[in-house]
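Coordinate analysis (summary)
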Amino acid sequence: MSATAPRPFSLRNSLHRALRSRLASTLAYPHGVDRYVEHFAPTFSLSEVRAEVVAVRHQTADSVTLSLRPNGNWQGFRAGQYVRLTVEIDGVRRIRCYSPANSVHATDGLIELTAKTHAGGFVSKHLKQGLRAGMTVGLSQAEGRFALPDVRPARVLLISGGSGITPVMSMLRTLIDEQYRGAITFLHYSNAAKDQIYAAELAEIAARHPNVTVLRGYAEAQQGGELEGLFCRAHLNAVPDFGEAEAFLCGPPGMMKAVQALWADEGLSARLHVEHFSAAPVVVDSANADGDVQFARSERYAKNTGATLLDQAESAGLKPESGCRMGICHACTCVKKAGRVRDTRTGEISDAGEAEIQICVSVPVGSVTLDL
Ligand SMILES: Cc1cc2nc3c(=O)[nH]c(=O)nc-3n(C[C@H](O)[C@H](O)[C@H](O)COP(=O)(O)OP(=O)(O)OC[C@H]3O[C@@H](n4cnc5c(N)ncnc54)[C@H](O)[C@@H]3O)c2cc1C
Ligand code: FES
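From N to C terminus, the chain includes eight helices and 17 strands. The C-alpha radius of gyration computed for the chain amounts to 23 Å, which stays within 12% of the reference 21 Å derived for 372 residues, consistent with globular compactness. The principal-axis extent of the C-alpha atoms belonging to the chain is close to 70 × 60 × 40 Å. Expressed as a percentage of the 372 residues in the chain, the buried residues total 35%. Restricting the contact set of the chain to residue pairs at least 6 apart, pairs at least 24 apart contribute 64%.

Right, dumping it as structure tokens:
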């Protein structure tokens, strides 16, 4: 670039400074500067991460891969972490978690998300059918503890099933970019060869890098995988030193349970790092609900319907932070000021004092006050 190259940056910085000024926020009150600027610059925000969809590809019939260009508020991620993606569907903001699959060293400034579409799934279906290049989506900063450690392990084992490949694909791509010299074994499970996401790239990586072994297992017969059927002990015969590896696991609940049980039997649980994409559905008992829910900060009350506190807050017109809506991501954590709640996952009833709770998996037991 020529000597005048820095000018767009200083112009942009000055513009940002002006939009952050007290005068700008006064003029834009009560909606805020973002609401005005987004009409001509949809990904602009003073503080939120927004991203332009730059490409949509369909690797398999039931998946979609999005390339997103985040705005300058994006702070990057560690391989394995996830983001909360916000899309508007029929005027309603929907939030779900997705794990970037790209290398953290990618130089194109893009984030790659791949979603499997679930029959009846609200957001994943919209991502496949409704998103087009040029549209804007909202993102959180990266979150989650499932990530490659800063000091790379000497031996790495990646195990994934279905769409659970995304966070470990990011780990693999990151290690390849770093010219990692340790041995990497990648066990990946899918229903059939036609459903396998990232199939061609995995084969190409294995062919190019002698330290990477990819072993594919398919639920359906005669798909050409190196492993027979679903995960089992015998599959580890191909990885005799699996106990020396740091193992990273993400996949459907049944598969994860089987791997976790085996690692526990071997006394290796501390070396197994897991990411859950789904949890058991939340069960609520509306028939026996009593008491009120008080949202203290917003000064609203509602009759307790027995639904989760997240659902009840939304029904009361509030917009609390949320993500997975199943107790995994902690985005919905807020302070319960008073009252007892039941954790729908364990059935455990809290005491009545002040405590942080995940409102997507908490239902009131009588009257409850939330700091919302
Ligand atoms: C930390 C984290 C990271 C994630 N990363 C990815 C990712 O990279 N790629 C990806 O495809 N998904 C990922 N997910 C799952 C994703 O957030 C959504 O749950 C999924 O896309 C379904 O959303 P939906 O709106 O289409 O379905 P919903 O409308 O929420 O649910 C519709 C139906 O699908 C079922 N369902 C929902 N989620 C799942 C699931 N994961 N497996 C099986 N059944 C399900 C529900 O029980 C329900 O019956 C991640 C989840 C978490 C918590
Ligand atoms: S929304 Fe993820 S834990 Fe509640």
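This paragraph deals with the nonpolar core. Of all hydrophobic cores here, the largest spans 60 residues; its most connected members are Leu113, Leu158, Val168, Met171, Leu172 and Leu249. The greatest single-element share of this core, amounting to six residues, is contributed by helix 5 (residues 165–177). Those residues in contact with Leu113 that lie beyond four places of it in its chain are Leu66, Leu68, Leu85, Tyr98, Pro100 and Ala101.

We now examine unusual backbone geometry. At Tyr198, a position not held by glycine, the phi torsion is positive, near 60°. Since 22 C-beta atoms lie within 10 Å of it, Tyr198 is described here as buried. You will see that Glu299, though not glycine, has its phi angle at about 55°, which is positive. Tracing the chain through its elements places Glu299 in the loop between strand 13 (292–295) and strand 14 (300–303). Residue classification places Glu299 among the exposed residues on the basis of 7 C-beta atoms within 10 Å.

With respect to spatial proximity, 25 residues lie near ligand 1, and among them Gly121, Phe122, Val123, Ser124 and Ser163 are the closest. Broken down by secondary-structure element, the contributors of at least two residues to the shell around ligand 1 are strand 4 (92–98), strand 5 (111–116) and helix 4 (122–129). Among the elements that make up the shell around ligand 1, the one with the highest residue count is helix 4 (four residues). Here the residues of the shell around ligand 1 are counted per class, giving 11 nonpolar, 10 polar and four charged.

Now for helix 7 (residues 253–265). Over its 13 residues, helix 7 extends 18 Å from the first C-alpha to the last, a length consistent with the 18 Å expected when each residue adds 1.5 Å. For helix 7, the set of buried residues is Met255, Met256, Val259 and Trp263. Relative to the axis of helix 7, the buried residues are bounded by an arc of 95° and lie together on one face. Away from the buried face of helix 7 by more than 90 degrees, exposed residues Gly254, Lys257, Ala261, Ala264 and Asp265 are located. Where helix 7 is buried, its residues meet strand 7 (155–161), strand 8 (183–190), strand 11 (246–250) and strand 12 (272–275). Downstream of helix 7 by a residue or two, Gly267 has a phi angle that is positive, lying close to 70°.

What follows covers the sheet that holds strand 4. Taken in spatial order, the six strands line up as 4-3-6-1-2-5 in an open sheet, and their pairing is antiparallel. Edge positions in the sheet fall to strand 4 and strand 5, since each of these pairs with one other strand and no more. Going across the sheet, the axis of each strand differs from the next one's by a mean of 40°, ignoring polarity. Examined bridge by bridge, strand 2 (residues 63–70) and strand 5 share six bridges and lie antiparallel to one another. In the sheet register, Ser67 faces strand 5, and the bridge partner there is Glu112.

A separate point is the environment of Thr43. Relative to the helices and strands, Thr43 is located in the loop between helix 3 (33–37) and strand 1 (49–57). As for Thr43 and Ala193, which are separated by 150 residues in sequence, their C-alpha atoms are 37 Å apart. Apart from the residues lying within four places of it in its own chain, the contact partners of Thr43 are Arg50, Ala51, Glu52, Asn71 and Thr136.

By the bridge criterion, four bridges tie strand 11 to strand 12 in an arrangement that is parallel. What sits directly across from Leu249, in strand 12, is Val274.

This part covers the environment of Thr174. One can find Thr174 in helix 5. Placed 175 residues apart in sequence, Thr174 and Ile349 show a C-alpha to C-alpha distance of 43 Å. Residue contacts for Thr174: discarding those within four places in its chain leaves Ala79, Ser103, Val104, His105 and Leu148.

A word on the confidence of the model for the chain. Summing up the model confidence of the chain, the mean pLDDT is 92 and the portion of residues at 70 or higher is 95%. For the stretch residues 1–7, pLDDT sits under 50, and the model shows zero contacts to residues farther than four places along the chain or on other chains.

As a further point, take the sheet that holds strand 17 (residues 362–370). Read across the open sheet, the five strands follow the order 14-13-17-15-16; overall the sheet is mixed. Across the chains shown, the open sheet's two edge strands, defined by having one partner strand only, are strand 14 and strand 16 (355–358). This sheet shows a mean twist of 45° between the axes of neighbouring strands, independent of strand direction. Bridging between strand 15 (residues 333–343) and strand 17 involves six bridges; their strand directions are antiparallel. Paired with Arg342 across the two strands is Val363, which belongs to strand 17.

Taken together, the four bridges between strand 15 and strand 16 define a ladder with antiparallel strand orientation. Residue pairing across strands places Thr333 opposite Gln358, the latter belonging to strand 16.

With that out of the way, let us pick up the environment of Ala247. Within the secondary structure, Ala247 is located in strand 11. With 24 residues separating them in the primary sequence, Ala247 and Arg271 have C-alpha atoms 6.0 Å apart. With near-sequence residues (within four places) excluded, Ala247 lies in contact with Leu157, Ile159, Arg271, Leu272 and His273.

Calculation criteria
Residues numbered from 1 in each chain as written. Chains lettered and ligands numbered in written order. Predicted model: local features only at pLDDT ≥ 70, side-chain atom pairs only at ≥ 80, totals over all residues. Helix = DSSP H or I, 4+ residues; strand = E, 2+ residues; numbered from the N terminus. Rg over C-alpha atoms; globule rule 2.2 N^0.38 Å. Buried ≥ 20, exposed ≤ 12 C-beta atoms within 10 Å, placed from the backbone. Contact = placed C-beta atoms within 7 Å. Core = buried A, V, L, I, M, F, W, Y, C linked by C-beta atoms within 7 Å. Near = placed C-beta within 6 Å. Nonpolar A, V, L, I, M, F, W, Y, C, P; charged D, E, K, R; others polar. Expected span 1.5 Å × (residues − 1). Arc of directions from axis to C-beta. Pairing = 2+ DSSP bridges. Axes fitted to C-alpha atoms, helices over the stretch in contact; angles between N-to-C directions. pLDDT = per-residue confidence, 0-100.

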